[in-house]
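In case you want the letters, here they are:
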Amino acid sequence: RIGKSVVGSFFAAFTAAGIVATVVTSFSTATTLGMTLTVSVAAVVALAAASAMPWLLDPSRERGADAVREHHARKLPVRGIVLVGLLLLGAFVADSTVQSWSSIYLSDTLGAPEALVPLGLGVYLALTLITRTALDFVVRAYGRFALGAVTMGIAIGGAVLLALVPHEWVAIAGFGVMGLGVGAIVPLVYSAAGDLAPERSDEVVARVNIFQYGGSVVGAVVPGFISDAIGLNWAFLVPALLLAPLVLAVGVFRAPKQESTAQVA
């Protein structure tokens with residue numbers, strides 16, 4: 001409806017919230033309240049957001065529900081949902097792997113100094129925030145397809161770097177490279193999902209979002225088994241192996257109409 005890419009900004013806010021949460025949690029552990037303080041801050045923020053929703057949310061879909069029902073007789077684009085969902089799954093396997101295992105990899109596998117251990121996740125989140133902040137401007141200039149193709153290659157490259165070069169500083173750089181790639185892929189996937197059936201975008205996005213949970217579980221659990229068998233560094237190949245064949249599906253990032261600087265993303 002706005003007529004230009006804005007979803008990157010929303011995901012940038014999401015990432016910024018994650019960074020704030022890690023800072024609050026770190027501060028809380030140094031107080032007598034501990035995690036009680038962290039949860040209390042989260043509750044206050046959630047209550048404030050819920051209170052603001054009646055003024056912030058768009059009621060037009062709800063008002064137009066009767067007009068939308070006629071579309072429900074049509075089948076949802078299952079093939080598109082699966083294809084876009086697999087891209088989201090691969091991206092969240094990468095994200096969950098880094099979130100769950102980066103510190104363990106640096107400390108237990110590479111024996112990095114204690115001061116360096118948090119840098120893996122910190123650099124990942126920082127580069128994710130940067131790429132998401134810039135995403136809308138890049139999409140408006142070059143289109144969703146170009147950015148999707150480049151960032152998928154970047155994400156795969158970061159994962160391969162982590163697997164093949166087990167060194168603490170290389171690992172930190174690899175996490176940052178993955179952040180640049182994965183940080184863009186996720187919002188681009190949701191944009192593409194919304195375009196599969198614009199009149200039913202809420203339903204399509206809800207179904208695509210299911211793949212997120214699968215990716216999060218795989219990224220959190222599978223590296224543990226791989227680590228016991230052949231080493232944790234090779235676990236970072238899992239997202240690369242998932243995303244590599246999906247490069248052939250990068251065309252799903254194209255906007256429904258010929259891309260231009262005025263496209264909706």
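Everything here concerns the structure above.
What counts, and at which threshold
Residues numbered from 1 in each chain as written. Predicted model: local features only at pLDDT ≥ 70, side-chain atom pairs only at ≥ 80, totals over all residues. Heavy atoms only, no water. Helix = DSSP H or I, 4+ residues; strand = E, 2+ residues; numbered from the N terminus. Buried < 20%, exposed > 50% of the residue type's maximum accessible area, 1.4 Å probe, protein only. Salt bridge = Lys/Arg side-chain N within 4 Å of Asp/Glu carboxyl O. Lys, Arg positive; Asp, Glu negative; His and termini not counted. Contact = heavy atoms within 4.5 Å. Expected span 1.5 Å × (residues − 1). Phe/Tyr/Trp six-rings, centres within 6.5 Å; stacked < 30°, edge-to-face > 60°. Lys NZ or Arg CZ within 6 Å of the ring centre and 35° of its normal. Axes fitted to C-alpha atoms, helices over the stretch in contact; angles between N-to-C directions. Left-handed = near helix turned anticlockwise from the far one by under 90°. Nonpolar A, V, L, I, M, F, W, Y, C, P; charged D, E, K, R; others polar.

In this section: the overall build of the protein chain. Regarding its fold elements, the protein chain presents ten helices and zero strands. Listing the helices and strands of the protein chain from first to last along the sequence gives α-α-α-α-α-α-α-α-α-α. For the C-alpha atoms alone, the extent of the protein chain along its principal axes is close to 60 × 45 × 35 Å. Buried positions account for 41% of the 265 residues belonging to the protein chain.

Tallying each qualifying case throughout the model produces two salt bridges. Arg-144 is paired through a salt bridge with Asp-195; the nearest N and O atoms lie 2.9 Å apart. Within this pair, whereas Arg-144 is found in helix α7 (residues 144-164), its partner Asp-195 is found in helix α8 (residues 168-196), the two being separated by 51 residues in sequence. We classify Arg-144 as buried; its relative accessible area is 0%. We note a salt bridge from Glu-203 to Arg-200, for which the minimum N-O separation is 2.8 Å. Judged on exposure class, the residue Glu-203 and its partner Arg-200 are both buried.

Let us look at the side chain of Arg-132. Within the secondary structure layout, Arg-132 lies in helix α6 (residues 119-142). Of the buried charged residues, Arg-132 lacks a salt bridge, with Asp-95 as the closest side chain of opposite charge at 5.8 Å. Dropping the residues within four chain positions of it, Arg-132 is found in contact with Gly-8, Ser-9, Phe-11, Ala-12, Phe-14, Thr-15, Val-182, Gly-183, Val-186 and Pro-187.

Turning to the environment of Leu-246, a few remarks are in order. The topology assignment puts Leu-246 in the segment after α10 (237-243). Sequence-distant contacts of Leu-246, defined by excluding residues within four places in its chain, comprise Leu-86, Leu-87 and Met-152.

We now examine helix α1 (residues 7-28). With 22 residues, α1 extends 32 Å from end C-alpha to end C-alpha; this agrees with the ideal 32 Å at 1.5 Å per step. Along α1, the residues classified as buried are Val-7, Gly-8, Phe-11, Ala-12, Thr-15 and Ser-28. On its buried face, α1 is in contact with α2 (35-56), α6 and α8.

Time to look at the packing of aromatic side chains. Taken as a whole and assessed by the stated rule, the structure comprises four aromatic pairs. Between Phe-11 and Phe-14, the ring centres sit 6.2 Å apart and the planes meet at 70°, which makes this aromatic pair edge-to-face. Here Phe-11 and its partner Phe-14 are both found in helix α1, three residues apart, which amounts to about one turn of the helix. You can call Phe-14 exposed: its relative accessible area is 57%. An angle of 25° between the planes, with centres 5.5 Å apart, marks the rings of Phe-11 and Tyr-190 as stacked. Of this pair, Phe-11 sits in helix α1 while Tyr-190 sits in helix α8; the two residues are 179 residues apart in sequence, bridging distant segments of the chain. On the accessibility criterion, Phe-11 (16% relative accessible area) is buried. Its relative accessible area of 13% is what places Tyr-190 among the buried residues. Put simply, the rings of Phe-11, Phe-14 and Tyr-190 pair up and form one aromatic cluster. Against the face of Phe-137 rests Arg-140, its NZ or CZ located 5.4 Å from the ring centre.

Moving on, we come to the packing of α1 against α2. Two elements in contact, α1 and α2, have axes separated by 7 Å at closest approach and are oriented at 145°. Crossing angle aside, the handedness with which α1 passes α2 is right-handed. Residues Val-24, Thr-25, Phe-27 and Ser-28 of α1 form the contact with α2, whose own contacting residues are Met-35, Leu-37, Thr-38 and Val-41. The residue inventory of the contact of α1 with α2, partitioned by class, reads five nonpolar, three polar and no charged.

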